Amino acid sequence: AQSVAQPEDQVNVAEGNPLTVKCTYSVSGNPYLFWYVQYPNRGLQFLLKYITGDNLVKGSYGFEAEFNKSQTSFHLKKPSALVSDSALYFCAVREDTGRRALTFGSGTRLQVQP
Amino acid sequence: NAGVMQNPRHLVRRRGQEARLRCSPMKGHSHVYWYRQLPEEGLKFMVYLQKENIIDESGMPKERFSAEFPKEGPSILRIQQVVRGDSAAYFCASSVPGNTEAFFGQGTRLTVV
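The text that follows walks through the structure, step by step, so that each part is easy to find. Small disclaimer: the values here were computed from a predicted structure and weren't measured.

**Observations concerning the overall build of chain A**
Move 1: Counting secondary structure elements, chain A contains zero helices and twelve strands.
Move 2: For a compact globule of 114 residues, the expected C-alpha radius of gyration is about 13 Å, and chain A comes in at 14 Å, within 12% of that figure.
Move 3: Expressed along its principal axes, the backbone C-alpha trace of chain A runs to roughly 45 × 30 × 20 Å.
Move 4: Considering chain A as a whole, with its 114 residues, one finds that 47% of them fall into the buried category.
Move 5: Sequence separation of 24 or more characterises 57% of the internal contacts of chain A that already satisfy a separation of 6 or more.
Move 6: Per element, the accessible surface of chain A, about 5200 Å² overall, is 47% carbon and sulfur.
Move 7: The average position of the 11 basic charges and that of the 9 acidic charges among the side chains of chain A differ by 6 Å.

**Quick word on the overall build of chain B**
Move 1: What chain B contains, in helices and strands, is zero helices and eleven strands.
Move 2: Listing each helix as α and each strand as β along chain B from the N terminus yields β-β-β-β-β-β-β-β-β-β-β.
Move 3: Here chain B has a C-alpha radius of gyration of 13 Å; the compact-globule value for 113 residues is 13 Å, and the two agree.
Move 4: If one aligns the C-alpha atoms of chain B with their principal axes, the spans along those axes are about 40 × 25 × 25 Å.
Move 5: Going through the 113 residues of chain B one by one, you find that 45% of them count as buried.
Move 6: Long-range contacts, defined here as pairs at least 24 residues apart, represent 51% of the contacts in chain B between residues at least 6 apart.
Move 7: Within the structure as shown, chain B displays about 5700 Å² of accessible surface, and the carbon and sulfur contribution to it stands at 47%.

**Section: the packing of aromatic side chains**
Move 1: Within the structure shown, the criterion is met by 13 aromatic pairs over all chains.
Move 2: With 5.9 Å between their ring centres and 70 degrees between their planes, A:Tyr36 and A:Phe46 make a pair best called edge-to-face. Of this pair, A:Tyr36 sits in strand S5 (residues 31-38) while A:Phe46 sits in strand S6 (residues 44-50), and the two are ten residues apart along the sequence.
Move 3: Residue A:Tyr36 is classed as buried on the basis of its relative accessible area, which comes to 0%.
Move 4: For the ring pair A:Phe90 and A:Phe104, a centre distance of 6.3 Å and an interplane angle of 85 degrees mean the geometry is edge-to-face. A residue pair is termed long-range when its members are at least 10 positions apart, and A:Phe90 in strand S10 (residues 87-95) and A:Phe104 in strand S11 (residues 103-104) qualify at 14 residues. For the pair A:Phe90 and A:Phe104, one class covers both residues: buried.
Move 5: One aromatic cluster is present, formed by A:Phe34, A:Tyr36, A:Phe46, A:Phe90, A:Phe104, B:Tyr35, B:Phe45 and B:Phe104 through successive ring pairs.

**Topic: the interface of chain B and chain A**
Move 1: With 25 residues of chain B at the interface, the matching set in chain A holds 21 residues.
Move 2: Both sides together, the interface formed by chain B and chain A hides about 1800 Å², and carbon and sulfur atoms give 48% of it.
Move 3: Counting across the interface, chain B meets chain A through one salt bridge.
Move 4: Ionic pairing is found between A:Lys49 and B:Glu101, a salt bridge with its closest N-O pair at 3.4 Å.
Move 5: Taken together, chain B and chain A are joined by six residue pairs in polar contact (both at pLDDT 80 or more).
Move 6: Elements that contribute at least two residues to the side of chain B that touches chain A include exactly strand S4 (31-37), strand S5 (43-50) and strand S9 (88-95) of chain B.
Move 7: When residues in the side of chain B that touches chain A are grouped by element, the largest group, four residues, is from S4(B).
Move 8: The class makeup of the residues in the side of chain B that touches chain A is nine nonpolar, ten polar and six charged.

**Some remarks on the pattern of salt bridges**
A side chain of one charge can pair with a side chain of the opposite charge if their charged atoms are brought near each other.
Move 1: A full pass over the atoms with the stated rule returns six salt bridges over all chains.
Move 2: A single salt-bridge network, built from bridges that share partners, covers B:Glu18, B:Arg20 and B:Arg78.

Procedures and definitions
- Residues numbered from 1 in each chain as written.
- Chains lettered and ligands numbered in written order.
- Predicted model: local features only at pLDDT ≥ 70, side-chain atom pairs only at ≥ 80, totals over all residues.
- Heavy atoms only, no water.
- Helix = DSSP H or I, 4+ residues; strand = E, 2+ residues; numbered from the N terminus.
- Rg over C-alpha atoms; globule rule 2.2 N^0.38 Å.
- Buried < 20%, exposed > 50% of the residue type's maximum accessible area, 1.4 Å probe, protein only.
- Contact = heavy atoms within 4.5 Å.
- Areas by Shrake-Rupley, 256 points an atom, 1.4 Å probe, with all protein chains shown as cover.
- Lys, Arg positive; Asp, Glu negative; His and termini not counted.
- Charge placed at Lys NZ, Arg CZ, Asp CG, Glu CD.
- Phe/Tyr/Trp six-rings, centres within 6.5 Å; stacked < 30°, edge-to-face > 60°.
- Buried area = accessible area lost by both parts, 1.4 Å probe.
- Salt bridge = Lys/Arg side-chain N within 4 Å of Asp/Glu carboxyl O.
- Polar contact = N/O pair within 3.5 Å; in protein donor to acceptor, adjacent residues only side chain to side chain.
- Nonpolar A, V, L, I, M, F, W, Y, C, P; charged D, E, K, R; others polar.

Listed below in structure tokens is the structure:
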């Protein structure tokens, strides 16, 4: 069975400071990992994905994430937060074979203070 | 290229009525996924369809819920005899065969009164 844990319900960071949103996962096979962002009353927007290759993945809006196989983690990071980054962030996983549907974490609300 | 289109954006139904949610995938996408999001929660997988086939319905409730993706036209998620607990945001995503990435619509927010 697949699962995703986002241990923090909310992350608060000051504008200009680096941010990290944590994600750990569990799958039987090799993971495909994703980060999505959701703004109020909107759908999910794709940020980035890890499929294979370089463990550091760069995505939209200056976000990046690092795949760590030994720690089964895929934390989302940004060197300098913007107020406009304030939103709900979801980590998701699926296996490389078999079930194609994504399993989502419960989400982390990022609040960037000016 | 328009994104994934869902309609209606908001739907209000009385208990016992039927709700029909529509999803038009992105052009060229033949795979559709439906997810449900309860308030302040993550998305939960419901069903995965390809044209005219249900591939994985392991997340669908056993009763009252059904989904289809006909050869022509949008995918439909149908909820019969709605109850208050069905109130949620329902999201559709689509992808092309073999693609790892799914694109999401803006969702339909169902309110059962």
